[in-house]
Amino acid sequence: MDVAAKLSILADAAKYDASCASSGTEKRNSRDKGIGSTTGAGICHSYTPDGRCVSLLKILLTNYCIYDCLYCINRISSDVPRARFTPDEVVNLTLDFYKRNYIEGLFLSSGIIRNPDYTMEQVVKVARTLRETHQFRGYIHLKTIPEAAPALIAEAGRWADRISINVELPTPEDLDKLAPEKNLGRIRTTMGVIGTRIQEAKAERRESRKAEPFAPAGQSTQMIVGATPTPDRAILEQASSLYKEHRLRRVYYSAFSPIPSASSALPLVAPPLVREHRLYQADWLLRFYGFDVQELTTAAEPDLPLGMDPKLAWALRHPEKFPVDLHTAPRETMLRVPGLGVRNVDRLISVRRWHRVTLADLTRLRVPLKKTLPFVVTADHQPATIGGARWNAAVRPPRQMELFAPEPSVFSGQL
Amino acid sequence: MLRQATFLPTFAGWQKAARAALLAETPPDSILWQEIGENQPLLDLAEEPEPAQPARSTVKVPKKFVEVATRVACHADPQRWALLYRVLWRITHGEHQLMEIAVDADIHALAQMDKAIRHDVHKMRAFVRFRTIEHEGETWYVAWFEPAHHIVELNAPFFADRFAQMNWSILTPDRCVHWDGKDLTFTEGVPKSEAPLEDAVEPLWQKYYAHIFNPARVKVHAMTKEMPKRYWKNLPEAQLIPELLRKAPTRVNSMMAKSRASAAVDFHPAPVPESDDWAVVKKAACGCTACPLYKTGTQTVFGEGSWKSELVFIGEQPGDSEDLAGKPFVGPAGQLLDRALADAGIDRQLAYVTNAVKHFKWVPSGKRRLHKTPSPREVAACRPWLEAEMRIVKPKVVVCLGSTAAQAVLGPEVRVLRDRGTFRPSAFCEQTFVTVHPSSLLRAPDEAAREEAYRLFIADLKKVAHKMSAV
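Note that the coordinates shown come from a computational prediction; the quantities given were computed from them, not determined experimentally.

1. Observations regarding the domain arrangement of chain A
Inference 1: Along its sequence, chain A is organised into domain 1 (3–255) and domain 2 (310–412).
Inference 2: Between domain 1 of chain A and domain 2 of chain A, the C-alpha centre-to-centre distance is 38 Å.

The following block contains the structure:
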């Protein structure tokens, strides 16, 4: 099988992983030798018609796998065509693509062949060859196998900018059901070990630039959404706990999308893209807006509403917190106003030191007035009585509007 | 009086002219900004006499203004020079904090221009596509790009950092930049026809692009928002977009249809009764359809032996003979196990013998039914039966024969060759032991290897015998 045929199969096999970020790592260049650079900011070199960016060459080393995770296209019981790259083929493909400016680097994952250690060795070998033999200074993201030996995970972290282990499903019960070989406890233990090592390496690097880096862009994970009936509340609780306990950089949510020869235990429907979008918004609220996971959903309604963003939903449950006076409110209160993003909040705080905030100012900052005005007081605006009939009419978004066309904030995460 | 400021249309050129105008206290609405080419003489400033007593000797502005102005100077809008001067004037005439007021009309306009430049710079870094040519015996990477603004010089160091050890050129209609491994040089813009037409690696890149696309989640708006159509003509992969979109619905439909067809091959929880009566459980197991193997196996081969036994052997799955007999370990491997147990001093009659999977999995090979290793999913589907057997027998020692059994009991990390011969706790039993499956002895390449393997197997079984006498 030639490289082109392998590439087709092994890109097909990799596309269900949402992560493609190339940001947040150390600054490097290749002025002295080698090839490549990183600036800390990621670059998306292309976009496919599914709206996802192409930043890294995202492939599997092989899609042969001894595991049988039901949601996965590469599970042993699936009848997809199989292929296997040699480490050198991956290295050359990465360099060829990089030199033509198609990509920021490599995101390498693999099906489990023979056993976890053997597989991890092969993955690490690709990264080592790129870094040592070719002095590759671009971005490398390695998927880690939780069952692999600690020494191999340590070496992966040495060569990679980011390492990740996918949680895949939000609860241990979901995993037992769909991925019998995976174990949430073991995954989280390994994440804990990696997280500790990342923090140590950071501290060592602050002391001395000669200290060896360890996954300077941190670790991330992915959860599949909609393959099991688990509600958003459990998904967000898992995410929040991952952020807090293991300081993950990112949790990706991937709407379960029908895969070739799927099991009937899985929903054979269009992927729940709006739900995925709401989860990303909620994720942003957890990380940048000071929301606690318990505030985003209620026990009675454990799923995020699809028809409105989660911040608006929270505001509607808490009319007593409004209106917010944009001249006097502290930052954390302003962050909770529907329609105000982090950047606009900071701009307003800067502006209000010098003059009174007006509606014209909000327009200039492109604040969505319809959404925001019922919740704020400005120099020339006072909203209708909170909770009154006029207010209620103003805050309820038309039901169907967003169901099939998520607003642009899906991509920026700014609410 | 209107003052005409002629200057080179670069940040440095404007800076010089602006400083002179500011020193002369010329208000913004009294200046006409006049761009000139590199070879034209500067008319204005040199000829105008400096005011006898300048109102100020130095111009101090916030660092942020200089940063923004450096970028905005690259904007294509001819009005940028007047805007920059107006902001500079206001900053130096009582509005020192002006840059902080994002909602001010001038600052807002400046921010919009700055944003456009940063966007253009970013998109150039993203969308430049090099093609290789041979030039004087060396490989050169040459790209064609059409920036919206005059950003080539601003952006060149980024490419030099990244591709420092390559020779490359980026050609644009505005400016061209070249890197020979040592220096950046800039030349006049050229037409697209100067750029190479193809590259040997591009078909691979297009293949990758087509295959990383998931047809089940089409979001065209999301794509065009970040990759506007105006860039498409110079992106080799973008040529595939119409075709990918056209075929997406058909691909998804056929994928779903195929899934529905294969959905008959399916798994559901084994119907294990809660009873502790071995016979009741065995009877239920005989009707098990938890995984598809019941369709091809002749019958369920449940565990056998004393269910009051303290010792349990777990194998992989019944083989051809076991499938026909309905009893575990009666074929060639079973006979070998009997012999080995006798040699190790263990009475098989006192043990309970079973398998991780209770149906025979096979593939046809001529007239024979060839053993096939059960998948982890089949093992998982069958595990409730094993759990029930262990619940009833409550063994003091469990021996896993081979990898399938070991992993079913101890989890996927266990390795038979690494972990054989030692006792460890499992969910079923405090003393769980791992050794090879007797069938592996039958597969040994020659007599010597078989004898050696048998010797090791007996050594393992003797440890079990020893443990049995201890517990």
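There is more to say after this.
2. What to know about the domain arrangement of chain B
Interface size is often expressed as the accessible area that is lost when the parts come together.
All names here are of chain B.
Inference 1: Domains assigned within chain B are domain 1 (3–122), domain 2 (128–194), domain 3 (202–262) and domain 4 (278–470).
Inference 2: At the junction of the two partners, domain 2 supplies seven residues and domain 3 supplies nine residues.
Inference 3: When domain 2 packs against domain 3, the two sides together hide about 670 Å² of surface, and 39% of this comes from carbon and sulfur.
Inference 4: Of all residues in domain 2, R129, R131 and E146 bury the most surface against domain 3, accounting for 66% of the area lost on that side.
Inference 5: Inspection of the domain 2/domain 3 interface yields three salt bridges.
Inference 6: In this structure, E202 engages R131 in a salt bridge whose closest nitrogen and oxygen atoms are separated by 2.7 Å.

3. Overview of the packing of aromatic side chains
All names here are of chain B.
Inference 1: Inspection of every chain in the model, using the stated rule, returns 30 aromatic pairs over all chains.
Inference 2: A ring pair is formed by W278 and Y352, whose centres lie 6.5 Å apart and whose planes are at 90 degrees; its orientation type is edge-to-face. Taken together, the positions of W278 in helix α10 (residues 278–286) and Y352 in strand β10 (residues 351–355) put the pair 74 residues apart, joining distant regions of the chain. Neither residue differs from the other here; W278 and Y352 are each classed as buried.

4. Details of the sheet that holds strand β4 (residues 138–144) of chain B
Residues and elements named next belong to chain B.
Inference 1: Taken together, the five strands give an open sheet; going across it, the order is β3-β4-β5-β6-β7, and neighbouring strands pair in mixed fashion. Pairing within the sheet leaves two strands with one partner each, and these edge strands are β3 (130–135) and β7 (184–188). Between one strand and the next, the sheet's axes are offset by a mean angle of 25 degrees, whatever the strand orientation.
Inference 2: Examined bridge by bridge, β3 and β4 share six bridges and lie antiparallel to one another. Paired with R131 across the two strands is V142, which belongs to β4.

5. Thoughts on helix α13 (residues 376–393) of chain B
All names here are of chain B.
Inference 1: The terminal C-alpha atoms of α13 lie 24 Å apart, and with 18 residues this matches the ideal 26 Å at 1.5 Å per residue to within 8%.
Inference 2: The largest bend in α13 is about 40 degrees, located at C382, with the proline P384 one to four residues further on.
Inference 3: Burial analysis of α13 places 13 of its 18 residues in the buried class, which makes it a mostly covered element.
Inference 4: Once α13 finishes, K394 follows within two positions and takes phi at roughly 50 degrees, a positive value.

6. As for the confidence of the model for chain A
Inference 1: When pLDDT is averaged along chain A, the result is 88, and 94% of the positions lie at 70 or above.
Inference 2: Here helix α16 (residues 409–412) of chain A stands out as the least confident element of chain A, with mean pLDDT 39; helix α2 (residues 87–99) of chain A is the most confident, with 97.

7. Here we look at the pattern of salt bridges
Residues and elements named next belong to chain B.
Inference 1: Summed over all chains, the structure comprises 59 salt bridges over all chains.
Inference 2: Here R90 makes a salt bridge to D106, at a shortest N to O gap of 3.1 Å. One end of the pair, R90, is in helix α4 (residues 80–92); the other, D106, is in helix α5 (residues 105–127), with 16 residues separating them in the sequence. In terms of burial, R90 and D106 fall into one category: buried.
Inference 3: The partner of D338 in a salt bridge is R348, and the shortest N-O contact between them spans 2.8 Å. Linking D338 in helix α12 (residues 332–344) with R348 in the loop between α12 and β10, this pair joins segments that are 10 residues apart in sequence.
Inference 4: Judged by its relative accessible area of 33%, D338 is partly exposed.
Inference 5: What makes R348 buried here is its relative accessible area of 17%.
Inference 6: A cluster of three or more residues bridged by salt bridges with shared partners is formed by R86, R90, E95, D104 and D106.

About the cut-offs
Residues numbered from 1 in each chain as written. Chains lettered and ligands numbered in written order. Predicted model: local features only at pLDDT ≥ 70, side-chain atom pairs only at ≥ 80, totals over all residues. Heavy atoms only, no water. Domains from an automatic or database assignment. Contact = heavy atoms within 4.5 Å. Buried area = accessible area lost by both parts, 1.4 Å probe. Salt bridge = Lys/Arg side-chain N within 4 Å of Asp/Glu carboxyl O. Phe/Tyr/Trp six-rings, centres within 6.5 Å; stacked < 30°, edge-to-face > 60°. Helix = DSSP H or I, 4+ residues; strand = E, 2+ residues; numbered from the N terminus. Buried < 20%, exposed > 50% of the residue type's maximum accessible area, 1.4 Å probe, protein only. Pairing = 2+ DSSP bridges. Axes fitted to C-alpha atoms, helices over the stretch in contact; angles between N-to-C directions. Expected span 1.5 Å × (residues − 1). Bend = angle between axes of the 7 residues up to and from the residue. pLDDT = per-residue confidence, 0-100.

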